[in-house]
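Descriptive analysis of the structure
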Amino acid sequence: MGRRTAALLVTATSVGALLFAPTTSAAAPVGPAEGTGTSEAAARIPLRDAIADLRVADEDRSGYDRAAFRHWVDADKDGCTTRAEVLLEEAVLPPEIGAKCALTGGRWYSYYEDAYVDGGAGLDIDHMVPLAEAWDSGASAWTPQLREQYANDLDQPRALVAVTAKYNRSKADQDPGTWLPPYEGARCTYLTDWVTVKTKYDLAVDTTELATLQKLGAQCPNVPITPGTR
């Protein structure tokens, strides 16, 4: 079981009752990206502080093209693309690995709707902050190399997540102001994932998005996030 999946199984069941609670006095769950070293501890940011630090700017989708983000590469040349690497990392029961990293069998937990999925065929790899949203929020000014890094980020466990195709496509390129996971117990995890990625890449938020993040953040555990560096 991957470290992200193990954390999701705990978090998804523990924060549901906290999501709409008036206070956040309960102990915060440990996120999958947090380490124990001194340097990583220094880089931790309480969730609500991270939300407050996000840049606010209007979105601009001018010139967006999904092809501007080269994705599903095999960065380490081991025969497995980014998609396969995420599936292997997040599997609850590991699949068999065949020629050219073909995966068969296996089981996954799709936290957006609190469901287990057998076999990887019905799963998409969701960019937590969608590529179009990233473009709107600052990625239009990035180099092609940084956009490729973003689209294949295996260093930040919250950046890419295996979920059912149904809900990945329901989400599409929406931000939390217009789309949240249907399973209410997943929403604090989703908020934390979203803010972590936006913080790591210094992506801006619009005013509606910010209002939603602030509202949810006030109702979720103030878990420390570790965005990492790009």
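Refer to the structure printed above.
The paragraphs below set out a description of the structure included in this document. (Residues numbered from 1 in each chain as written. Predicted model: local features only at pLDDT ≥ 70, side-chain atom pairs only at ≥ 80, totals over all residues. Heavy atoms only, no water.)

1. A short note on the overall build of the protein
The cut-off we apply is this: Put simply, DSSP H or I for four residues or longer makes a helix, DSSP E for two residues or longer makes a strand, and each gets a number counted from the N terminus. Exposed residues in this analysis have more than 50% of their type's maximum accessible area, buried residues have under 20%, and partly exposed residues fall in between, with area computed by a 1.4 Å probe over protein chains only. Any two residues having at least one pair of non-hydrogen atoms within 4.5 Å are treated as being in contact. Accessible surface is estimated by sampling points in the Shrake-Rupley manner with a 1.4 Å probe; for residues, cover comes only from the protein chains shown.
Per the secondary structure count, the protein includes 9 helices and 8 strands. When burial is assessed residue by residue, the protein has 51% of its 230 residues classed as buried. By sequence separation, contacts in the protein at least 24 residues apart represent 75% of the contacts at least 6 residues apart. By element, 52% of the accessible surface of the protein is carried by carbon and sulfur atoms, the whole surface being about 10,500 Å².

2. Points about the nonpolar core
Spelled out, the test is: To define a nonpolar core, start from buried Ala, Val, Leu, Ile, Met, Phe, Trp, Tyr and Cys residues and group those joined through side-chain atoms within 4.5 Å.
By size, the foremost hydrophobic cluster in this structure holds 49 residues, and its most contacted members are Tyr112 and Tyr150. The biggest single contributor to this core is helix α8 (residues 187-200), with 6 residues. Aside from chain neighbours lying at most four places away, what touches Tyr150 is Phe69, His127, Val129, Pro130, Leu131, Ala134, Trp142, Val197, Tyr201 and Leu203.

3. Remarks on empty space enclosed by the protein
Condition: Cavity and pocket criteria rest on a 1 Å grid covering protein atoms alone: a 1.4 Å probe that fits but cannot get out defines a cavity, protein on both sides within 12 Å along at least 5 of 7 lines defines an open pocket, and an atom within 4 Å of a point defines a lining residue. Grid points are joined across faces, edges and corners, and a volume is the space filled by probe spheres set on the points.
This structure, assessed with the given rule, holds 2 cavities of 30 Å³ or more. For the second largest cavity, the full set of lining residues is His127, Met128, Val129, Tyr150, Ala159, Leu160 and Val197.

4. Section: the side chain of Asp175
Looking at the secondary structure, you find Asp175 in the loop between α7 (165-171) and α8. With near-sequence residues (within four places) excluded, Asp175 lies in contact with Glu59, Glu133, Trp194, Asp206 and Glu209.

5. Considerations on α8
Put simply, the rule reads: Multiplying 1.5 Å by the helix residue count minus one yields the expected span of that helix.
For α8, which comprises 14 residues, the first-to-last C-alpha distance of 20 Å matches the rise-based estimate of 20 Å (1.5 Å per residue) to within 8%. Of all the 14 residues making up α8, 13 are buried; the element is thus mostly covered by neighbouring parts of the structure.

6. As for the state of the cysteines
Under the convention used in this document: Counting rule for disulfides: a pair of cysteine sulfur atoms within 2.5 Å.
Summed over the entire model, instances satisfying the criterion amount to 2 disulfides. In this model, Cys80 is linked to Cys101 through a disulfide, with the two sulfur atoms separated by 2.0 Å. Taking the sign of the S-S torsion, about 90° here, the bridge from Cys80 to Cys101 comes out right-handed. Of the two residues, Cys80 sits in the loop between α3 (47-53) and α4 (82-90) while Cys101 sits in the loop between β2 (96-97) and β3 (103-104), which places them 21 residues apart along the sequence. For the pair shown, Cys80 and Cys101 are each scored as buried.

7. Quick word on the packing of aromatic side chains
Convention followed: Pairing of aromatic side chains requires ring centres within 6.5 Å, counting the rings of Phe and Tyr and the six-membered ring of Trp. Pairs whose planes differ by under 30 degrees are stacked, by over 60 edge-to-face, and all others tilted.
One pass over the full model with this rule turns up 13 aromatic pairs. Ring plane angle 35° and centroid distance 5.6 Å describe the contact between Trp142 and Tyr201, whose orientation is recorded as tilted. With Trp142 in the loop between α5 (131-136) and α6 (144-151) and Tyr201 in the loop between α8 and α9 (207-219), this pair connects stretches of sequence that are 59 residues apart. For Trp142, a relative accessible area of 11% gives the class buried. Between Tyr150 and Tyr201 the ring centres are 4.8 Å apart and the planes differ by 85°, which places this aromatic pair in the edge-to-face class.

8. Here's the deal with unusual backbone geometry
One non-glycine residue, Lys77, adopts positive backbone phi at about 55°. Lys77 sits in the exposed class, given a relative accessible area of 70%.

9. Re the pattern of salt bridges
The condition that has to hold: Only one rule defines a salt bridge in this text: a Lys or Arg side-chain nitrogen within 4 Å of an Asp or Glu carboxyl oxygen.
Considering all chains together, one arrives at 11 salt bridges under this definition. Measuring nitrogen to oxygen at the nearest pair gives 2.5 Å for the salt bridge that ties Asp173 to Arg61. A residue pair is termed long-range when its members are at least 10 positions apart, and Asp173 in the loop between α7 and α8 and Arg61 in the loop between α3 and α4 qualify at 112 residues. Relative accessible area serves as the criterion here: at 33%, Arg61 is assigned to the partly exposed category. Ionic pairing is found between Asp126 and Lys171, a salt bridge with its closest N-O pair at 2.8 Å. Residue Asp126 is located in strand β6 (residues 123-127), and its partner Lys171 is located in helix α7; the two are separated by 45 residues in the primary sequence. Within this structure, Arg61, Asp136 and Asp173 form a network of salt bridges that share partners.

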